[in-house]
Amino acid sequence: MAKTLLKIKGLKVAYGGIQAVKGVDFEVNEGELVSLIGSNGAGKTTTMKAITGSLPINDGDIEYLGKSIRGQGPWDLVKQGLAMVPEGRGIFTRMTILENLQMGAYIRDDKAEILIDIDKVFTIFPRLKERKDQLAGTLSGGEQQMLAMGRALISRPKVLLLDEPSMGLSPIMVDKIFEVIRDVYAQGVTILLVEQNASRALAIADRGYVMDSGLITMTGEGKTMLTDPKVRAAYLGE
Ligand code: ATP
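What counts as what
Residues numbered from 1 in each chain as written. Predicted model: local features only at pLDDT ≥ 70, side-chain atom pairs only at ≥ 80, totals over all residues. Heavy atoms only, no water. UniProt positions renumbered as here; feature names shortened; annotations may be inferred. Pairing = 2+ DSSP bridges. Helix = DSSP H or I, 4+ residues; strand = E, 2+ residues; numbered from the N terminus. Contact = heavy atoms within 4.5 Å. Axes fitted to C-alpha atoms, helices over the stretch in contact; angles between N-to-C directions. Buried < 20%, exposed > 50% of the residue type's maximum accessible area, 1.4 Å probe, protein only. Parallel < 35°, antiparallel > 145°, perpendicular 65-115°, else oblique. Nonpolar A, V, L, I, M, F, W, Y, C, P; charged D, E, K, R; others polar.

The name given to the protein chain in an unreviewed UniProt entry is High-affinity branched-chain amino acid transport ATP-binding protein LivF, with Rhodoferax lithotrophicus as the source organism. Database annotation for the protein chain, UniProt heading Sequence similarities (unreviewed entry): "Belongs to the ABC transporter superfamily."

So this is what it looks like as structure tokens:
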């Protein structure tokens, strides 16, 4: 049996009086790629933010490596190997690309290795290398997405949480981002992926969960879900 890295138990999150996540249970095992899909406003981003400590939770618990991480902030979690690429990317717009990547290494003190990892990111995304001294705020949407992923990778995460990485990107960029996700997964990083692009997200997932109105409504193997008529009708536009 694979080791469970992330376990979400009875998670509830509210914004004021509005209950956005209403009691959600799921887990992500070591080495897995798990996709969380669902329509707009289903509570996917809220769930991701609660896991990474950027939103307080009202009830339930989140376990990482068997221990509760409830109440811990994003910086503490990155140190423990849990990195998130947020929706909207969260890059430092007034810093250069290189400075943003260096920020990804703030938890590390192995300078020589950091340089090697920055070079690796430049190999994955040559476009970032060409623009390394450019302010991140001037990058295109796709380039900002590459930078946000690059920065997360430099923290050498055990688990990478990706919130809508393909949002707003051109088809070529979407292909590139999914290719990078597949490569990172192949290197053994565990991935939790939230995506609007349900067919692509399920196609690369070991397992998937459907979220609807703050609850998990379906789950299964990624490829099985992809052919499930109910999933196809509701989320794949058929
Ligand atoms: P999308 O795919 O559209 O991003 P989602 O599944 O990620 O949707 P969430 O962003 O988690 O959904 O939103 C869940 C619900 O919580 C929605 O009804 C949304 O309007 C509400 N919500 C999200 N953020 C806030 C906020 N800061 N204040 C109040 N309500 C919010």
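A. Structural context of the sheet that holds strand S5 (residues 67-68). Spatially, the four strands line up as an open sheet ordered S2-S1-S4-S5, and their pairing is antiparallel. In this open sheet, the two strands that pair with only one neighbour each are strand S2 (18-29) and S5. Pairing between strand S4 (residues 59-64) and S5: two bridges, direction antiparallel. Opposite Tyr64, over in S5, you have Lys67 as the bridge partner. Sheet strands touched by helix H1 (residues 44-51): strand S1 (4-15), S2 and S4. Its angle to S1, the strand with the most contacts, is close to 115°.

B. Here's a closer look at the sheet that holds strand S3 (residues 33-37). Taken together, six strands build an open sheet; the order of strands is S6-S7-S8-S3-S9-S10 and the sheet is mixed. What marks the edges here is a single partner per strand, and that holds for strand S6 (82-85) and strand S10 (215-221). Neighbour-to-neighbour, the strand axes of the sheet open up by a mean angle of 15°, direction not taken into account. In the sheet, strand S9 (residues 207-212) pairs with S10 via six bridges, with the strands oriented antiparallel. Each residue of the ladder has a partner; that of Val210, found in S10, is Met218. Contacts between H1 and the sheet are confined to S3, S6, strand S7 (159-163), strand S8 (190-194) and S9, with S7 contributing the most and set at about 150° to the helix.

C. Representation of the pairing of S3 within the structure. Of all five residues in S3, five are buried; the element is thus mostly enclosed. Because side chains alternate across S3, one face comprises the buried residues Leu33, Ser35 and Ile37, and the other comprises Val34 and Leu36, equally buried. As judged from the four bridges shared by S3 and S8, these two strands associate in the parallel manner. Residue pairing across strands places Leu33 opposite Ile191, the latter belonging to S8. Here S3 pairs with S9 via four bridges, running parallel.

D. Inspection of the packing of helix H6 (residues 141-154) against helix H7 (residues 171-186) at higher detail. Contact geometry of H6 with H7 gives a least axis separation of 10 Å together with a crossing angle of 10°. Judged on the interaxial angle alone, H7 and H6 are roughly parallel. Here Gly142, Gln145, Met146, Met149 and Leu153 of H6 come into contact with H7, specifically with Met173, Ile177, Val180, Ile181 and Val184. The residue inventory of the contact of H6 with H7, partitioned by class, reads eight nonpolar, two polar and no charged.

E. Local environment of the side chain of Thr46. Mapping Thr46 onto the fold places it in helix H1. Classification of Thr46 by relative accessible area gives buried; the value is 7%.

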